[in-house]
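Spelled out from the first residue to the last, the chains are:
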Amino acid sequence: MSYAVAVLGAMWGDEGKGHITHHLSKTFDWVIRFNGGANAGHTIYRDGVKYVHNLMPSFDWRKTDLKAFLGSGMVIDLEQLHKEVSLLWSHNTGYPSRVYVDPDAFVVLPEHKEEDKASNGHIGSTNRGIGPAYTARTARRGLRIRDRMRDADNNRDQHFIKEMQRMGVHFKSALEMRREMESASLLFEGAQGVLLDINHGIYPYVSCSDATIGGIYASGFAWARPEKVYGVAKCYTTKVGEGPFPTEIHGKEADELRQRGNEFGATTGRPRRVGWLDLPALDYACQKGGITHLILTKFDILDGMDRVKVCVAYDKPPVSSSDFFDAVPQYITVPGWEDSKDHDQLAPFVRQVERLTRCHVSYISAGTDTKDIVSW
Ligand code: IMP
Ligand code: MG
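Small disclaimer: the values here were computed from a predicted structure and weren't measured.

**What to know about the coordination of the magnesium ion (ligand 2)**
- Summarising the metal site, the magnesium ion (ligand 2) is bound by the protein donors Asp14 (OD) and Gly41 (O), whose distances to it range over 2.0 to 2.5 Å. Here Asp14, found in the loop between β1 (3-9) and α1 (17-24), pairs with Gly41, found in the loop between β2 (30-33) and β3 (42-46); they are 27 residues apart in sequence, far enough to count as distant.

**Considering the sheet that holds strand β15 (residues 307-314)**
- The strand order β12-β13-β15-β16 describes an open sheet built from four strands, whose pairing is mixed. One side of each edge strand has no neighbouring strand; the edge strands of this open sheet are β12 (236-239) and β16 (329-335). When strand polarity is set aside, the average angle formed by the axes of neighbouring strands in this sheet is 50°.
- Across two bridges, the pairing between strand β13 (residues 273-278) and β15 is parallel. Looking across to β15, one finds that Asp278 is bridged to Cys311.
- Of the strands in this sheet, β13 and β15 are in contact with helix α10 (residues 279-289), which crosses β15 at around 60°.

**Quick word on the packing of aromatic side chains**
- Tallied over the entire structure, the rule returns 17 aromatic pairs.
- Pairing Tyr51 with Trp61 gives two aromatic rings, centres 5.3 Å apart and planes at 75°, and the pair type is edge-to-face. Placement of Tyr51 in strand β4 (residues 49-53) and of Trp61 in the loop between β4 and β5 (67-70) is noted, with a sequence separation of ten residues between them. Pair check on accessibility: Tyr51 and Trp61 agree, each one buried.
- Measuring from ring centre to ring centre gives 5.0 Å for Tyr284 and Phe324, while their planes differ by 80°; the resulting arrangement is edge-to-face. With a gap of 40 residues between them, Tyr284 in helix α10 and Phe324 in the loop between β15 and β16 connect regions that are remote in the sequence. Each member of the pair, Tyr284 together with Phe324, is buried.
- Cluster of aromatic residues (ring-pair linked, three or more members): Trp30, Phe34, Phe69, Tyr100, Phe188, Phe221 and Trp223.
- Sitting over the face of the ring of Trp61, Arg46 holds its NZ or CZ atom 3.7 Å from the ring centroid.
- A cation sits over an aromatic face here: Lys309 above Tyr331, 4.5 Å from the ring centre.

Rules and cut-offs
- Residues numbered from 1 in each chain as written.
- Chains lettered and ligands numbered in written order.
- Predicted model: local features only at pLDDT ≥ 70, side-chain atom pairs only at ≥ 80, totals over all residues.
- Heavy atoms only, no water.
- Donors = N, O, S within 2.8 Å, 3.2 Å for Na, K, Ca; no water.
- Helix = DSSP H or I, 4+ residues; strand = E, 2+ residues; numbered from the N terminus.
- Pairing = 2+ DSSP bridges.
- Axes fitted to C-alpha atoms, helices over the stretch in contact; angles between N-to-C directions.
- Contact = heavy atoms within 4.5 Å.
- Phe/Tyr/Trp six-rings, centres within 6.5 Å; stacked < 30°, edge-to-face > 60°.
- Buried < 20%, exposed > 50% of the residue type's maximum accessible area, 1.4 Å probe, protein only.
- Lys NZ or Arg CZ within 6 Å of the ring centre and 35° of its normal.

And the structure:
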């Protein structure tokens, strides 16, 4: 029987999922992306070199028997995927032959990106064509990779598909892979975060995919049933794009936190909005996302702060995403930490998180190196 675990973004994305997934991937056979597209920017550091994966799962390709799967819940820009596969090829990793793509995934076409740019208003889309591609799917006029492969006319996607096949990439559905995967260990990697989920995020300031555990089921992996679902959150909060952000801070304090945390978008380079950890929002995300365990990241960024602010309640607990629009956050401060490597110093903060989310904190991360991720 397979053993399946999931890693989801618990907030508005950019929580450090890439770094965590990359680290955890070493003990799995497969890393599987199931939602979103090239709007994601998963930053990982490998042998001191920084990589940003947009479509490719955050696997550690140095583990030579690790395989990657891009699921049918994604929307895939084949030109972009071809670029990422070519990068692997140029690193001589042998990895392209360990990459599998579900041909039931829908494609992002150039016109979707154009449409995204033209209509981009207050949502602050990443302009990667994600919304228009999912809209086409829902309106039953979308095209799947499978359709592009079959097309009689020699379309541009066929060129990218053939090139990728030449490098070793497989195009196989989740069901075709089931037998092999059932005797393997699977790590599902979410993109974006629960608060950006199309159903449960803060609508309409959301992305268009399923960022909760539901996305795993929706992409044809109902049989895999992850038994542990990690939610990743920073020890403070960030957001790109507009929409309610109850614990947001402004001015000099915000600029300083943004600089310290290098909070600029991995995909778009935009400065991220920043604020304090929002526990009512995290609790909401755990419940809506199916999160069973937490992983907290970027503790090193707050090193040296005397006291740290945490939002522990709103004027009323959020039971719907609409409750975030007029939420009045209530804060406490807990003792800060001089050195995030010293767990005793972090304990008062972590205790508040566990108390108010009723989730166990399993790992914490305090730096960009793999050794900075430790069990709590
Ligand atoms: P879209 O997914 O490009 O349509 O963008 C919709 C909203 O989700 C915008 O506010 C984006 O900034 C946000 N968003 C999409 N993907 C990510 C991500 O990976 N990290 C953070 N925000 C994201
Ligand atoms: Mg990101």
